[in-house]
Amino acid sequence: MPSLRILIVDTNKVRAAIIEEGLREAGYTDLVRVATTTGLVAAIEQHDPDVVVIDLEDPSRDALADMFLVSRHIRRPITMFVDQSDSASIEAAVEAGVSAYIVDGLKKERMQPILQTCISRFNAFRKLREELEDARSQLEERKTIDRAKGIVMRMKGLTEEEAYALMRRTAMNEKRKLADIARSLITAAEMLK
């Protein structure tokens, strides 16, 4: 059975018991329940859950704003159960980083597939976010290298290929990344202006 620590956040004891029972029947045993959304980030840091399950019945704008802050800070899968919703609330919840937003679906037998969907969706978005950050980082490095290459071309009167080859050789000889050499060149050129 899965060994996940799950934090259940619910002010309603009856609804929290349904969630807890459904999770236990699905084989999850490491469950922690908190009865308030106040201090949620601290509770998450204290209990260090793998997944957060929140039942808000009817989420307010403030509750969704809190979820936005929580999801940005903790970066964990969040499943939110609500009784009523509108398109604006759904959109706000998704923007807040809620991985599964379940309207009028609090049934213990649904806990396992909902949790699996939540985790899968969270992991898919995390992978996309990491790929985007990696692509942005590579683009920034490429821009830095191109800028440094332009400096070398002007200062040494080299072609683009020769400037790149010189920078690459220097990086290899110094056992440094090409982007680090490029940043050093740009810093030196700024100082010598």
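Residues numbered from 1 in each chain as written. Predicted model: local features only at pLDDT ≥ 70, side-chain atom pairs only at ≥ 80, totals over all residues. Heavy atoms only, no water.

Phi is positive for aspartate 48, close to 45 degrees, though the residue is something other than glycine. Here aspartate 48 is to be found in the loop between helix H2 (40–47) and strand E3 (51–57). Positive phi, close to 55 degrees, is recorded for lysine 175, a residue that is not glycine. (Helix = DSSP H or I, 4+ residues; strand = E, 2+ residues; numbered from the N terminus.)

This next bit is on the environment of glycine 39. Here glycine 39 is to be found in the loop between strand E2 (30–34) and H2. When its relative accessible area of 45% is taken as the criterion, glycine 39 is described as partly exposed. Counting along the chain gives 32 residues from glycine 39 to leucine 7, while the straight-line C-alpha distance between them is 13 Å. (Buried < 20%, exposed > 50% of the residue type's maximum accessible area, 1.4 Å probe, protein only.)

Another aspect to go through is the confidence of the model for the protein. Summary statistics for the protein give a mean pLDDT of 87 and a share of 93% for residues scoring 70 or more. Ranking the helices and strands of the protein by mean pLDDT puts helix H6 (residues 160–174) first, with 96, and helix H3 (residues 61–74) last, with 69. (pLDDT = per-residue confidence, 0-100.)

Let's shift gears to the layout of surface pockets. Approximately 280 Å³ is the volume attributed to the largest pocket. Arg72, Val94, Gly97, Phe125 and Arg129 are, among the 15 residues lining the largest pocket, the residues nearest its centre. When contributions to the lining of the largest pocket are tallied by element, the ones reaching two or more residues are H3, helix H4 (87–95) and helix H5 (111–156). For the lining of the largest pocket, the element with the most residues is H5, which contributes five residues. Classifying every residue of the lining of the largest pocket gives five nonpolar, three polar and seven charged. (1 Å grid on protein atoms, 1.4 Å probe; cavity = no way out; pocket = protein on both sides within 12 Å on 5 of 7 lines; lining within 4 Å. Points joined across faces, edges and corners; volume = space filled by probe spheres on them. Nonpolar A, V, L, I, M, F, W, Y, C, P; charged D, E, K, R; others polar.)

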